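Chain residues, written in single-letter form:
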Amino acid sequence: MPLGKLESGVSAARPNINPVIQQDALADLDSAVADFERDQLLWASGYLAGLAVARATSPAQRPVAPAEAPAPASSTEPAAPWTVLYATETGNSRFVAQELAEAMSAAGQTAKLVDARDYRPATLKQERQLLLVVATHGLGDPPEGTEAFFEYLLGSRAPRLPQLSFAVLALGDSSYEDFCEAGRQVDARLAELGAVRLLPRVECDLDFESDADAWTKRVVEQARARDGVHIAPVHTLRAAPTAPSYSRRHPFQAELLTNQKLTGRGSSKDVRHVELSLEDSGLSYQPGDSLGVVANNPAPLVEQFLEYLGESPSADVSIGQEALTLGEALRSRLELTNATRSFVQAHARNSASADLAALADDPRALAKYLKSNQIIDILRQYPAALSAQQLVASLSKLTPRLYSIASSLDANPDEAHLTVAVVSYTRDGYAHFGAASNFLAAGPSTVPVYVEPNDHFRLPQDSAAPIIMVGPGTGIAPFRAFVEQRRHQAAVGKSWLFFGDRTRRNDFLYQLEWQRYLKEGALTRLDVAFSRDQAEKVYVQHRLRERGAQVYAWLMDGAHVYVCGDAEHMAGDVHQALLDIVAEHSGRSADHAVSLLSDLKTQGRYQRDVY
Amino acid sequence: MSDPSNKPVTEVEDIKARSAHLRGTLAESLADPVTGSIAPDDTQISKFHGIYQQDDRETRVERTKQKLEPDYSFMIRARVPAGICTPAQWLALQQIAADHSNGELRLTTRQAVQLHGVLKGDLRTTMRRINDALLDTFAACGDVNRNVGCTPLAENAEVHRRASRWAARISEHLTPRTRAYHEIWLAGSPLPGNEPEHEPIYGATYLPRKFKIALAIPPLNDVDVFAQDLGFIAVERFGKLIGFNVAVGGGMGMSHGEPATYPRLADVIGFCSPAASVAVAEAVVKIQRDFGDRTDRKHARLKYTIDDRGLDWFVDELGRRGVHLRAAVPVDFEQTGDRFGWSEDSDGLWHATLYVPGGRVVDNEKTRLQTGLSAIARILKGEFRITPNQNLIISRIEDTQKEEIQRLITEHGLDLWRDAAPVRRNALACVALPTCGLAMAEAERYLPQFIGKVEELLARHGLSEQDLLVRITGCPNGCARPYLADVGLVGKAPGRYNLMLGGGAVGARLNQGYRENLSEERIVDELDRLLADFVGNRDSGEPFSDYLHRAGILESQPHG
């Protein structure tokens, strides 16, 4: 196989396909698509593949190469298909996996995109080429809903996999101790089972995009290297013409309709109800989905960076090849709040700090440090005389923030509502800000957004099925969407909400709405836990336990259970409460409780959206 | 005059009737976690337990936008018969206020103590702790006899001791017998035993409206005895309390634009011995129970029962119930205001009457009432007495403690009476905005500013030491007894008041509506003009209100 497959710098967007197309025709094709955006190119590749299928003489189910073109001389059968498997919590892994599948397809590979939650582990034995994008959630756990896949793979039933080649991209957050743990486990286990590692595992931090892009590129190169250039029909193409045209990379500018504080005057928190217009965007969503917000950094925070540098916002800097002003870079392009390991490393070099360098190499200490220090804190604690460009180079790309959508689209056509806790506090004499929440709270006229679907946080198909919703704090958001949706449908299923916050007086999010829904019957029961309304702290899990008998009865009655909110403490405490409730009221063992909840998860009757 | 026979009873009567002796659904309301309020019907029942639901009217609109219900909280009124409490009780109340309310104790014009801003979730604990302090809140509000007042200080200590004991006896005798209070607040569950409950004095629907009793010890009429449904005026001979003149049918409340409603002074109908006072009180209450108008709450006080049927009928009805009064004994009143500062009684004990602006026990830049009174309570061997003018007397101070208490008073700036002009010290205002649901205008929060204007006027006319009684209420219901003031402001709308003039005369003369719906500027103009006239034409020593009547500026009216 001749063809520049090993040439460096082969562009995925302009593959060398000499064997099947004349130079002139190729030039025509090039000029026809010269002005195409990336999405359009991807679309066009699918379109051409479709034409190819349509012209196929063989009615065989399996698509073949165009009839006019002789089969590549050196390839007697189509290359082995690739499976791109992702395990995602926030949608980042899915995003990377989609881009990978598209890139593979564009490079002529057959690539099938699968969510680990939908993947039948038994099919592992049939796989030949597996690419995994694996997120780690919470404290080193696999993402919600992928437990079955992990249990199978890591457990004793997993088969030997000598036939399999694989590569793992692990996503994580270096402010957690067990950084990328799930990805590491998968990577190690597959090798242990005899599978062949195509590429060393790559671990990405919150600023995953550039690492993920690089890894994707290398995977595509590997694929080419494995089977040479091969025109394969596109099997999976996510950027299909029917897909919404707005995405993470091309967010929709949604008009801000409402920015209303929900917490009362005496509250220690500032939680906002934000309403956005999706009119004319073509965007749609279902209850349970999230909205990605591509926020600008808060102006006062940008100001702090400028002050630190002693630079004017009009200073020239560049990001990659692009020249822009420092102000613009800080405002809308660079992550200024969440620090990552790569930033710590870069700043260790910039500040010539051995301490900081050592910290970057100690995952445990680093995680602890990053939990309570933002980028600006690190800059201040390890002062360095940085040039604007040096700082810019050390920062990663601004990452979008996801918010569970708090509205039903049916009940609020053309709108998406969010419940946003505004993060803002003073530490060491400096104001600190959450990037997206302050952006929203400042009331911009438009907000760049995209929809991040979450098929694993969905109302039951059967609108008569009872639902139990546990959503303290801003975890209430998707349940407002759920109840609005069921109310809109006049669903007969019973619903039970557990809400908690600090005080009933000032922190009862959407109180008037819940009171109305209870009165109307759109909400059957509401139990609340306000931690600061009495001497002893009371949380939602306490209320669940108090109502254990009824909770169990609802479960036996087919109730679906949903949990949304804090992953660090609440989700685990609620899970334990559910285990104890099942054990106590079934009169059976703790093991029974474990297996019952695990069955509920498998059946999609126990879903969580925790962060 | 309405005809009770054809009209249905009020909704509140129905609520009382089905409340099962004041239980209502209070227990369920307390358990409802989704709201900081109690059920609408229970807001009527809770009053009998001394609890008013309120909400911050200033944040209503804002909170609706925030998808939050109104900012509900509760006012709890502790019953303090004759206004007397021990230092231990005072300390307990201060601590309860600090733990469960907005932190301030508030002294009322009925000599009770109020906590404000108690949240629903804290109600039961608060009530239990008040009970633990050997106080209660039962019947502090509602359609029953309320806190029985008594002139808190007399030169003759023995007369005061006896009068205040009768006040406590009357209070005790007229307390409802239902166990609902115990069940709901203290036990938290129904008490064992299910014998049918019986209210021997009140019956199942209690009284048609609130009922007020106070005892005055001349020459002080600080309790405004003629503003009470039932007033007892102590009669003293040879240093002993020999009995009481009995006055009936006083009351302040009226409604704007409803001439059938009016303030009324009580009529003195006779004299009774001290021991008979309890039986007199029971009989008067029962007449009101049986004949009071239950079809219209604006026409339900004893004063209307008496005016509708005649005073003679009332005296006859008392006779039919075995109460026969002797002829009233002439007595003289000298003042309604408090006697500030130090005084010594016939026992040789000392009393220090402190000026407590607005009845609010607070620490601020001028005074540290909260801290200072706590410090005093910790050492005081005597007692505290709340005055009907919302002030506080440190009472029964032994000679040996006098110096130390004087020191604490000075140290904490509790001697505000020294610098405040009489017009300021004696002024009264009701609570009004933002918490009172009835208020149409500011009162308590506005009083200091308005008094400032009056002080300027008086100074300009050379009248700074003039004892002018100013009272402001946010609505016409009369909580701060505005209709007995020399200058009464009765709220009509935000920033607008009806100006009432010509009261005074030690609480024995109602004032009259002079001008309606005035702004502050207009009120000040009117007073300026009248005071100029007064200074130019008064007789020597003539009070302002008397002058207004004599000069024909107000029409003279017979004493009610």
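Since we're looking at a predicted model, the values are computed, not measured.

Rules behind the numbers
- Residues numbered from 1 in each chain as written.
- Chains lettered and ligands numbered in written order.
- Predicted model: local features only at pLDDT ≥ 70, side-chain atom pairs only at ≥ 80, totals over all residues.
- Helix = DSSP H or I, 4+ residues; strand = E, 2+ residues; numbered from the N terminus.
- Rg over C-alpha atoms; globule rule 2.2 N^0.38 Å.
- Buried ≥ 20, exposed ≤ 12 C-beta atoms within 10 Å, placed from the backbone.
- Contact = placed C-beta atoms within 7 Å.
- Nonpolar A, V, L, I, M, F, W, Y, C, P; charged D, E, K, R; others polar.
- Axes fitted to C-alpha atoms, helices over the stretch in contact; angles between N-to-C directions.
- Parallel < 35°, antiparallel > 145°, perpendicular 65-115°, else oblique.
- Left-handed = near helix turned anticlockwise from the far one by under 90°.
- Pairing = 2+ DSSP bridges.
- Expected span 1.5 Å × (residues − 1).
- Arc of directions from axis to C-beta.
- Core = buried A, V, L, I, M, F, W, Y, C linked by C-beta atoms within 7 Å.
- pLDDT = per-residue confidence, 0-100.

Each helix and strand counted, chain B has 17 helices and 20 strands in total. Relative to its length of 560 residues, chain B is compact, with a C-alpha radius of gyration of 23 Å against a globular reference of 24 Å. For chain B, the residues scored as buried account for 51% of the 560 residues in total. Summarising the internal contacts of chain B: among those between residues at least 6 apart in sequence, 66% fall at separations of at least 24.

This next bit is on the interface of chain A and chain B. Listed per partner, the contact involves 21 residues of chain A and 14 residues of chain B. For the side of chain A that touches chain B, the secondary structure elements donating two or more residues are β7 (252-261), α16 (504-507), α17 (511-520) and β19 (525-530) of chain A. Counting residues per element, the side of chain A that touches chain B draws most heavily on α17 of chain A, which supplies 6 residues. A per-class count over the side of chain A that touches chain B returns 8 nonpolar, 6 polar and 7 charged.

A few words on the packing of helix α12 (residues 369-379) of chain B against helix α13 (residues 399-411) of chain B. Residue and element names in this part refer to chain B. Viewed as axis vectors pointing N to C, α12 and α13 meet at an angle of 165°, and their least axial separation amounts to 9 Å. Looking at the two axes, α12 sits roughly antiparallel to α13. Between α12 and α13 lies a crossing of right-handed hand. Along its contact with α12, which presents Gly 372, Ala 375, Ile 376 and Ile 379, the element α13 presents Gln 401, Glu 404, Ile 405, Leu 408 and Ile 409. Counted by class, the contact of α12 with α13 contains 6 nonpolar, 2 polar and 1 charged residues.

All names here are of chain A. Direction of pairing for strand β14 (residues 424-427) relative to strand β15 (residues 430-433): antiparallel, over a ladder of 4 bridges. By the bridge assignment for β15, Thr 426 is matched with Ala 431. Counting the residues that bridge the hairpin from β14 to β15 gives 2 residues, and of these Asp 428 lies at a positive phi of roughly 55°.

Next up on the list: helix α15 (residues 447-460) of chain B. Residue and element names in this part refer to chain B. The terminal C-alpha atoms of α15, which comprises 14 residues, lie 20 Å apart, in line with the 20 Å expected from a rise of 1.5 Å per residue. Residues Leu 447, Phe 450, Ile 451, Val 454 and Leu 458 constitute the buried set of α15. End-on view of α15: buried residues confined to an arc of 100°, all on one side of the axis. Of the exposed residues in α15, the ones pointing more than 90 degrees away from its buried face are Gln 449, Gly 452, Glu 456 and Ala 459. Looking at the buried side of α15, the elements it contacts are α14 (422-425), β16 (428-429), β17 (470-473) and α16 (520-537). A positive phi of about 70° marks Gly 462, the residue just after α15.

Residue and element names in this part refer to chain A. Taken in spatial order, the 6 strands make up an open sheet running β12-β9-β16-β7-β8-β13, and their pairing is antiparallel. The strands lining the two open edges of the sheet, one partner per strand, are β12 (401-404) and β13 (415-421). Geometrically, the sheet is characterised by an average inter-axis angle of 40° between neighbouring strands, direction not taken into account. Judged from the 4 bridges that link them, strand β9 (residues 290-293) and β12 form a sheet pairing that is antiparallel. Paired with Val 293 across the bridge in β12 is Arg 401.

Looking now at the environment of Arg 124 of chain B. By the element assignment, Arg 124 of chain B lies in helix α6 (residues 120-132). Those residues in contact with Arg 124 of chain B that lie beyond four places of it in its chain are Leu 30, Trp 185 and Gly 188 of chain B.

All right, on to the packing of helix α7 (residues 157-173) of chain B against helix α9 (residues 277-291) of chain B then. Residue and element names in this part refer to chain B. Running from amino to carboxyl end, α7 crosses α9 at an angle of 40°, the nearest separation of the two axes being 9 Å. With respect to α9, the axis of α7 lies oblique. The way α7 lies across α9 gives a crossing that is right-handed. Residue-level inspection shows Trp 166, Arg 169, Ile 170 and His 173 of α7 in contact with α9, the latter providing Ser 277, Val 278, Ala 281 and Glu 282. In terms of residue class, the contact of α7 with α9 is made up of 4 nonpolar, 2 polar and 2 charged.

What follows covers the nonpolar core. Membership of the largest hydrophobic core comes to 153 residues, with the highest contact counts inside it found for Leu 215, Ala 234 and Val 248 of chain B. Here Val 248 of chain B is in contact with Leu 230, Ala 266, Asp 267, Ile 269, Val 284, Leu 302, Ile 306 and Phe 314 of chain B, once residues within four sequence places are set aside. Core analysis: the next-biggest nonpolar cluster, separate from the first, contains 105 residues, Tyr 510, Ala 529, Leu 544 and Met 570 of chain A among them.

Okay, unusual backbone geometry next. In the segment running from Pro 218 of chain B into Pro 219 of chain B, the intervening peptide bond is cis, with an omega of 10°. With respect to the helices and strands, the residue Pro 219 of chain B is situated in the loop between β7 (213-216) and β8 (230-237). The amide bond that connects Leu 433 of chain B to the next residue, Pro 434 of chain B, takes the cis arrangement and shows omega of 10°. Relative to the elements of secondary structure, Pro 434 of chain B occurs in the loop between β16 and α15. Of note, Tyr 510 of chain A is a non-glycine position whose phi angle comes to about 60°, a positive value. Position of Tyr 510 of chain A relative to the elements: it lies in the loop between α16 and α17. Of note in this structure, Ala 139 of chain B is not a glycine but carries a positive phi near 60°. Within the element layout of this structure, Ala 139 of chain B appears in the loop between α6 and β6 (149-150).

Let us look at the pairing of β9 of chain A. Within a regular beta strand, the side chains point alternately toward one face of the sheet and then the other, so they alternate between its two faces. Residues and elements named next belong to chain A. Because side chains alternate across β9, one face comprises the buried residues Ser 290 and Gly 292, and the other comprises Leu 291 and Val 293, equally buried. Bridging between β9 and strand β16 (residues 446-452) involves 4 bridges; their strand directions are antiparallel. Note that in β16 the partner of Leu 291 across the bridge is Val 451.

Turning to the confidence of the model for chain A, a few remarks are in order. All names here are of chain A. Per-residue confidence for chain A averages 86 on the pLDDT scale, and 86% of its residues sit at or above 70. Contacts for the low-pLDDT stretch residues 1-19, under 50 throughout, to residues beyond four places or in other chains number 21 contacts. Here residues 56-76 scores under 50 on pLDDT; set against residues more than four positions off or in separate chains, the count is 19 contacts.

A few words now on helix α20 (residues 570-586) of chain A. Residue and element names in this part refer to chain A. Helix length check: α20, at 17 residues, gives a terminal C-alpha distance of 24 Å against a target of 24 Å (1.5 Å per residue), a fit within 8%. Listing the buried residues of α20 in full gives Met 570, Ala 571, Val 574, Ala 577, Leu 578, Ile 581 and Val 582. When α20 is viewed along its axis, its buried side chains cluster within an angular range of 130° and face the same direction. Looking one or two residues past α20, Gly 587 carries a phi angle of roughly 70°, positive in sign.

The next thing to look at is the confidence of the model for chain B. Low pLDDT marks regions whose predicted coordinates should not be analysed in detail. With 98% of its residues at a pLDDT of 70 or more, chain B shows a mean pLDDT of 94. Two numbers describe this predicted complex: its pTM, 0.81, and its ipTM, 0.86.

Turning our attention to the sheet that holds strand β10 (residues 267-272) of chain B. All names here are of chain B. The 5 strands are arranged β6-β7-β8-β9-β10 in an open sheet whose pairing can be described as mixed. Lying at the two open borders of the sheet, with one neighbouring strand each, are β6 and β10. As paired elements, β7 and β8 share 4 bridges and run parallel to each other. In the sheet register, Ala 214 faces β8, and the bridge partner there is Gly 231.

A word on the environment of Leu 326 of chain A. Residue and element names in this part refer to chain A. Secondary-structure assignment places Leu 326 in helix α8 (residues 326-333). With 23 C-beta atoms packed within 10 Å, Leu 326 lands in the buried category. The residues contacting Leu 326, other than those within four sequence positions of it, are Glu 311, Pro 313, Ala 315, Val 317 and Ala 388.

On to the environment of Leu 230 of chain B. Residue and element names in this part refer to chain B. With respect to the helices and strands, the residue Leu 230 is situated in strand β8. Sequence-wise, Leu 230 and Asp 32 are 198 residues apart; in three dimensions their C-alpha atoms are separated by 40 Å. In this structure Leu 230 touches Ile 213, Val 248, Ala 281 and Val 284, once residues within four positions along its chain are discounted.

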